[in-house]
Amino acid sequence: PALAGSLILAAKVYDIATDPLMGWVSDRTASRWGRRRPWLLAGALVSGLAFVLLFNPPATAGSGLAVSAVAALLLYATGYTLFGIPYLAMPAEMTGDYHDRSRLMSARTVCLTLGILAGGALAPVLAGAFGSGLVGYARMSWVMGALILASMLGCFAGTRGARATSPAPATR
């Protein structure tokens, strides 16, 4: 438990450093998809893959397991940062109307909460249905990784025509 807690703490400290950096990067991105949406796509791909890697380590014991676990946790934190930070910034840019923005934020919060609850309930059911143990969790990760990827890709696709603002000017 101490090692697992330390690995999760390392991923959270990493997240503290990368979140502001991602905000800076997405503020300055210029692409044909807007400044935020390319990062939604990248975050979706990395998050889905990292979730699968977390439950399919190349080593199943000892220091190899710890190294692969922290690598997967850091990769997942990276994917979630790539997606999450631009995702949080988008509603403010999508509309200038306070009430529209409140509706967007409320719908997003409801969907996110329902997704977390559904995923938290579904993962152990899937792991058990797939035989529990290492094999059950490995198979569960493929289903959950696909759901993570699909839901994030849905956000990417669903914001195709959304209003966006121009990149922030470069400062010295």
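In what follows, the structure referred to is the one given above.
Report on the accompanying structure. (Residues numbered from 1 in each chain as written. Predicted model: local features only at pLDDT ≥ 70, side-chain atom pairs only at ≥ 80, totals over all residues. Heavy atoms only, no water.)

### Observations regarding the state of the cysteines
To keep things clear, this is the line we draw: We call a pair of cysteine sulfur atoms a disulfide when they lie within 2.5 Å. Any residue under 20% of the maximum accessible area for its type is buried, any over 50% is exposed, and the rest in between are partly exposed; the area is computed with a 1.4 Å probe on protein chains only.
Tallied over the entire structure, the rule returns zero disulfides. Looking at Cys 111, it has no disulfide partner, and the nearest cysteine sulfur is the one in Cys 155, 8.2 Å off. Its relative accessible area of 55% is what places Cys 111 among the exposed residues.

### Here's the deal with the packing of helix H4 (residues 98–129) against helix H5 (residues 133–158)
Inclusion rule: Lines are fitted to the C-alpha atoms to define the axes, a helix being fitted only along its stretch in contact, and any angle between axes, read from their N-to-C directions, falls within 0 to 180 degrees. The helix and strand labels rest on DSSP assignments: H or I over at least four residues marks a helix, E over at least two residues marks a strand, and numbering proceeds from the N terminus. Take the far helix as the reference: if the near one is turned anticlockwise from it by less than a right angle, the crossing is left-handed, and if turned clockwise, right-handed. Throughout, a contact is declared for two residues whenever any of their heavy atoms are within 4.5 Å. Polar here means any residue other than Ala, Val, Leu, Ile, Met, Phe, Trp, Tyr, Cys and Pro, which are nonpolar, and Asp, Glu, Lys and Arg, which are charged; Gly is therefore polar.
Between H4 and H5, the shortest axis-to-axis distance is 8 Å and the interhelical angle comes to 145 degrees. Handedness of the H4/H5 crossing: right-handed. Contacts from Gly 119, Leu 122, Ala 123, Leu 126 and Ala 127 of H4 reach H5 at Gly 136, Tyr 137, Met 140, Val 143, Met 144 and Leu 147. Here the contact of H4 with H5 is composed, by residue class, of nine nonpolar, two polar and no charged.

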